[in-house]
Amino acid sequence: MADRIETLLIAERDYCRNVSHELRSPLARLSFAAELARTAPDRDAAFRRVRKEVSRLNELIGALLEVTRNEGDPSTRTSTSFALDELLREVVEDCRLEMRIATAAFCC
């Protein structure tokens, strides 16, 4: 029983560390998007980016809450499929936007 408790405590600590990492990444992107919105030549695109990052963060928090609930009751688990090519297109477009804005900020 002591081994099981130790395993659970280690798993909980790892989970908290992973959640912290997963939340920091979108928060960093959101901070960057907010700064871009303040300084970008195309403010509409920058504000769309901020809204997109807020939406992503909201989805991530929802997913984390669902994982926590599902760990308590495995019968509530669901799976969701997604299009990897669409996700990659979004990531590439985000990088292009960041590159254009960063390039404009440094060269002028």
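Draft legend 1. A look at the layout of surface pockets. Computed from the structure, the largest pocket encloses a volume of approximately 650 Å³. If you trace the largest pocket, you find 18 residues lining it, with R56, E59, F82, L87 and E90 closest to the centre. Taken together, the elements giving at least two residues each to the lining of the largest pocket come down to α1 (2–39), α2 (43–72) and α3 (84–107).

Draft legend 2. Just the environment of D94, in detail. If you trace the backbone, D94 turns up in helix α3. C-alpha separation for the pair D94 and R49, spaced 45 residues apart in sequence, amounts to 8.0 Å. Not counting the four nearest positions on each side in its chain, D94 is found in contact with R49, K52, E53 and R56.

Draft legend 3. Focus on the confidence of the model for the chain. Per-residue confidence for the chain averages 80 on the pLDDT scale, and 89% of its residues sit at or above 70. Mean pLDDT in the chain bottoms out at α3, which sits at 80, and peaks at α1, which reaches 82.

Parameters and conventions
- Residue numbers here run from 1 along each chain, matching the order of that chain's written sequence.
- Residue-level local features of this predicted model are given only where pLDDT is at least 70; pairs of side-chain atoms are given and counted only at 80 or more, and the full residue set underlies all totals for whole chains, interfaces and linings.
- In computing side-chain properties, one takes all heavy atoms of the structure into account and sets aside hydrogens as well as water.
- Only protein atoms enter the 1 Å grid, on which a cavity is a set of points fitting a 1.4 Å probe that cannot get out and a pocket is an open set with protein on both sides within 12 Å along at least 5 of 7 lines, lining residues being those with an atom within 4 Å of a point.
- Grid points are joined across faces, edges and corners, and a volume is the space filled by probe spheres set on the points.
- Strands here mean DSSP runs of E at least two residues long; helices mean DSSP runs of H or I at least four residues long; both are numbered from the N terminus.
- Residue contacts are counted whenever heavy atoms from the two residues lie within 4.5 Å of one another.
- Confidence of the predictor at the level of single residues is captured by pLDDT, which takes values from 0 to 100.

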